Amino acid sequence: EAIALHKEALALRPVGHTGRSSSLNNLAVQLSIRFDHRGNFGDLDEAIALQKEALALHPVGHTGRSSSLNNLAIQLSTRFDHRGSGEDLNESRENLLCALTLLKQHDPRRLRVHGALATVYLSFHQSRFDSAGPGEDTDSLNAAMHHFKAAAHVVPGGLLFRLRASLRWVLHADQHKHDTVLEAYGTSMQLLDAYMSATGSVSSRHSAMKDFPPTLAVDAVSCALRSGDVRRAVELLEQGRTIIWTQMTRLRTPLDSLQTRGSQAVTLMKRFRDLSSLLDKQHASHADATQLVDVEVAATRYRRVVEDWNGVVEEIRTIEGFSRFLLPPLFSDLQEAARDGPIVVLVASRSSCDAIIIPYQQPPTSIQLPTNFENLSGLMRALREAVEKKASPKGNQPALTKALRKLWDVVVRPVVEKLRGFAPQGSRIWWCPTSVFNFLPLHAAGEYRANGESLSQQYISSYTPSLTALMRARRGHDRCPSVPFAVIGQNCPAGHSSTLECVEPELELVRRLLPPPPIVSLTKITSVDATKSTTLRALRDNTWLHFSCHGTQSYEDPFNSAFLMRDQPLSLLDITQMDLSRHQFAFLSACETAVGVPTTPDEVIHLAAGL
């Protein structure tokens, strides 16, 4: 019916009518869509004939000629895909190259043309046309990668379309093992970060993350490891993971050192803080979907503030000593995280599973683990099922023991054997897991038999969501004459009929273990007093915290993960709205505080990460 209506509209615009070219194009588009669904080549041939007629109505010098060339080229490329006519492919390329020359440097339509040219050159590479045989035409492959890259860098094309173009670049550069593949990964992660920063609330950012490959960062790392560049692998991992946390941290970056760099620097510092504060207040807001007009206005206003913030950041980078301000860290900076013990980064991708050991002031080393992504996923499921099984009367849990032995054999033992050259037995190591590794209890791995080995016998294990997070946590804090310490317990939260046992004895034990005043200033909040509002005040006023309560992880919206208080939950979203930069320690005696979300594992969105 749509095609019939477009044909009727075209009949009302005879030759000579100013709107005829538009009707020709509209009808061609509909015929092309029907071809995609039904595969009738008559529709495709008719669409091409209509596009050629439309092009004839846009002679050289006409403002619409470039678009007509592009439209015709895409249809010709489609026909080549189905019929393999070299004439169609050549004509498509010539039309696109001509269309590109007609567009000015800052025309957003260049993105689309570059993308179409990349597709056409890939077809040349994969076909028997041009000078070489199928798959041998490196000139066409290089040209395809050039146009993918060019599309990703058409700034007026918009972040979303540039990001999609860069992901196509990644896909094909990786598939063809092209030497631009690491550059493609880096560009994609940079654009993903920029696109996410222009998205208002943290919840909407997490939702937007689901539209893009969840394995982008780990795939980039695996690619760098295959090329032998371990340092670059670490840099890419840090750039592409925990994007949401990184963006929130940027808005709370201290800039006190700028005060000594002159009046202009002080002005920039104030402007940066004001804009960051504005963005920080907006990032947690939940837009009311019913107020569509208000939402669009707010989104536009937010993007303008982001643009202003980016401009200030660029100006700060012109100041001596600040050239890498808020840029992805270099390996030389990241290695500082290993100051108090080596860091073991575990990478799980579809192509390989690897461990990267980062010692302090020594070169990093990588190990390819004797497992794969599918086996690790199976191990994760086996562990989850084993934990839910009850122990035998003698306390044995054979399914759990079997899974932990497997974890030891394929992941932890190879790492421990390599670690012995870096860290003495009994020292502390830091695990930085990615992907499916986030859901495996690495610290519990062992042989679990008489005289058998286990990780806990050899090293003290700690975890970190990223290297940057570990360095940030170690930053010096002003020493207070008295440490403000809050112990918060809730044994009977709203909606729970049963009582959580041992909360009161636990808090009492903590109280007895702490030094007396004035060394520690203790605040105890429990029972009916442990409400959401009192806990938020305790979070604000105390830099050391101990929670003893129920915890829940929300998989649909992880920022709704929460500690359950007497009246209502204290959510992760509530916590992210607080400035915890002065805080030093939090002990979480609660369930599901470090579970995370399987769909976006490398964003590490859980209560522990929020604190």
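The rules we used
In this numbering scheme, every chain counts its residues from 1 along its sequence in written order. Thresholds applied to this predicted model are a pLDDT of at least 70 for local features of residues and 80 or more for the giving and counting of side-chain atom pairs; totals over whole chains, interfaces and linings are not thresholded and use all residues. Excluded from the side-chain calculations are hydrogens and water; all other atoms, namely the structure's heavy atoms, are used. Only runs of H or I of at least four residues qualify as helices and only runs of E of at least two qualify as strands under DSSP, and these elements are numbered from the N terminus. Burial classes: relative accessible area under 20% of the type maximum marks a residue as buried, over 50% as exposed, and values in between as partly exposed (1.4 Å probe, protein chains only). The criterion used for residue contact is that any of the two residues' heavy atoms lie within 4.5 Å. Each accessible area value is a Shrake-Rupley result obtained with a 1.4 Å probe; residue values ignore everything except the protein chains displayed when judging cover. Counted as positive: Lys and Arg. Counted as negative: Asp and Glu. His and the chain ends are not counted at all. Note that the charge is assigned to NZ on lysines, CZ on arginines, CG on aspartates and CD on glutamates. Here a strand pair is declared whenever DSSP counts at least two bridges between the two strands. To obtain an axis, a line is fitted to C-alpha atoms, over the contacting stretch when the element is a helix, and the angle between two such axes runs from 0 to 180 degrees between their N-to-C directions. Only centres within 6.5 Å qualify two rings of Phe, Tyr or Trp (six-membered ring in Trp) as a pair; their planes then separate them into stacked at under 30 degrees, edge-to-face at over 60, and tilted for everything else. In what follows, roughly perpendicular refers to angles from 65 to 115 degrees, roughly parallel to angles under 35, roughly antiparallel to angles over 145, and oblique to any angle outside these ranges. Helix crossings are classified by the rotation of the near helix relative to the far one: an anticlockwise turn of less than a right angle makes the crossing left-handed, while a clockwise turn makes it right-handed. Each residue after the first adds 1.5 Å to the expected span of a helix. Residues enter a nonpolar core if they are buried and are Ala, Val, Leu, Ile, Met, Phe, Trp, Tyr or Cys, with the set joined through side-chain atoms within 4.5 Å. One confidence number per residue, pLDDT, is output by the predictor and ranges from 0 to 100. Residues are grouped as follows: Ala, Val, Leu, Ile, Met, Phe, Trp, Tyr, Cys and Pro are nonpolar; Asp, Glu, Lys and Arg are charged; all remaining types, including Gly, are polar.

## Re the overall build of the chain
Within the chain, the regular secondary structure consists of 24 helices and 12 strands. Counting only C-alpha atoms and orienting by the principal axes, one finds that the chain spans roughly 95 × 55 × 55 Å. Looking at the chain residue by residue over its 611 residues, the buried ones come to 49%. Long-range pairs, those at least 24 residues apart, make up 69% of the contacts in the chain between residues at least 6 apart in sequence. With the model as given, the accessible surface of the chain reaches about 30,000 Å², and the carbon-plus-sulfur share is 52%. In the chain, 65 side chains carry a positive charge and 63 a negative one; their mean positions are 3 Å apart.

## Let's talk about the sheet that holds strand 8 (residues 544-548)
Ordered by their spatial adjacency, 4 strands build an open sheet running 7-6-8-12, and the pairing between neighbours is parallel. Each edge of the open sheet is held by one strand with a lone partner, namely strand 7 (520-526) and strand 12 (585-589). Averaged over all pairs of adjacent strands, the angle between strand axes in this sheet comes to 10°, irrespective of strand direction.

## Section: the packing of aromatic side chains
Ring pairs (aromatic) are described by centroid distance and by the angle formed between their planes. A full pass over the atoms with the stated rule returns 7 aromatic pairs. Each ring, one from F35 and one from F41, has its centre 5.4 Å from the other, and the planes form 50°; the classification is tilted. Classification of F35 as buried rests on a relative accessible area of 3%. Counting every residue linked through ring pairs, the aromatic cluster contains F485, W544 and F585.

## Considering the packing of helix 1 (residues 2-11) against helix 2 (residues 20-38)
Each packed pair of helices is defined by two parameters, the angle between the axes and the distance between the axes. Close contact between helix 1 and helix 2 brings their axes to 9 Å; oriented N to C, the two are set at 160°. Looking at the two axes, helix 1 sits roughly antiparallel to helix 2. In this structure, helix 1 meets helix 2 at a crossing whose hand is left-handed. Contacts between helix 1 and helix 2 pair A2, I3, H6, K7, A9 and L10 from the former with R20, S23, L24, N26, L27, Q30, L31 and R34 from the latter.

## A word on helix 7 (residues 138-152)
Along an α-helix, a turn takes 3.6 residues, which lines up residues three or four apart on a common side. Helix length check: helix 7, at 15 residues, gives a terminal C-alpha distance of 21 Å against a target of 21 Å (1.5 Å per residue), a fit within 8%. Listed in full, the buried residues belonging to helix 7 are S140, L141, A143, A144, M145, H147, F148, A150, A151 and A152. For helix 7, the elements touching its buried residues are helix 5 (86-102), helix 6 (109-126), helix 8 (159-175) and helix 9 (181-197).

## Details of the sheet that holds strand 10 (residues 562-564)
Strands belonging to one sheet form pairs held by backbone hydrogen bonds; the direction of such a pair is parallel or antiparallel. Read across the open sheet, the 3 strands follow the order 9-10-11; overall the sheet is antiparallel. A single partner strand is all that each edge strand has here, and the edge strands are strand 9 (551-552) and strand 11 (569-571). Looking at chain direction, strand 9 and strand 10 are connected through 2 bridges and run antiparallel. Bridge assignment links T552 to a residue of strand 10, and that residue is A562.

## Focus: the nonpolar core
Ranked by internal contacts, the top residues of the largest apolar core, which has 87 residues, are I343, V345, I356, I358, L467 and F563. Residue contacts for F563: discarding those within four places in its chain leaves F547, C549, H550, P569, L570, I575, L588, A590, T593, L607 and L611.

## A short note on the confidence of the model for the chain
Overall, the predicted model of the chain reaches an average pLDDT of 88, with 92% of residues at or above 70. Across the chain, the secondary-structure element scoring lowest on mean pLDDT is helix 10 (residues 202-209), at 72, and the one scoring highest is strand 2 (residues 353-358), at 97. Low pLDDT (under 50) marks residues 283-292, which in the prediction has 17 contacts with non-local residues, meaning those over four places away or in another chain.

## Describing the pairing of strand 2
Among the 6 residues of strand 2, 6 are classified as buried, and the element is accordingly described as predominantly covered. Here strand 2 shows two buried faces, one formed by C353, A355 and I357 and the other by D354, I356 and I358. Sheet topology places strand 1 (residues 343-348) next to strand 2; 6 bridges connect them, and they run antiparallel. When the sheet's bridge partners are listed, L346 is paired in strand 2 with A355. The hairpin formed by strand 2 and strand 3 (residues 365-368) contains 6 residues between the paired strands, and Q361 there has a positive phi angle of roughly 60°.

## Re the packing of helix 6 against helix 7
At a minimum axis separation of 8 Å, helix 6 and helix 7 run at an interaxial angle of 160°. Of the possible angle classes, the one that applies to helix 6 and helix 7 is roughly antiparallel. The crossing of helix 6 and helix 7 is left-handed. Contact residues: L111, H114, G115, L117, A118, Y121, L122, F124 and H125 in helix 6; T138, S140, L141, A143, A144, M145, H147, F148, A150 and A151 in helix 7. Considering only residue class, the contact of helix 6 with helix 7 consists of 13 nonpolar, 6 polar and no charged.

## Overview of unusual backbone geometry
For the peptide bond that leads from P517 to P518, omega is 5°, which places it in the cis range. Looking at the element boundaries, P518 is found in the loop between helix 21 (503-513) and strand 7. Phi is positive for Q361, which is not a glycine, with a value near 60°. Locating Q361 in the fold gives a position in the loop between strand 2 and strand 3. Overall, the relative accessible area of 64% leaves Q361 in the exposed class. Unlike most non-glycine residues, N451 shows phi in positive territory, near 60°. The residue N451 is located in the loop between strand 4 (428-433) and helix 19 (455-458) in this model. A relative accessible area of 83% means that N451 is categorised as exposed.

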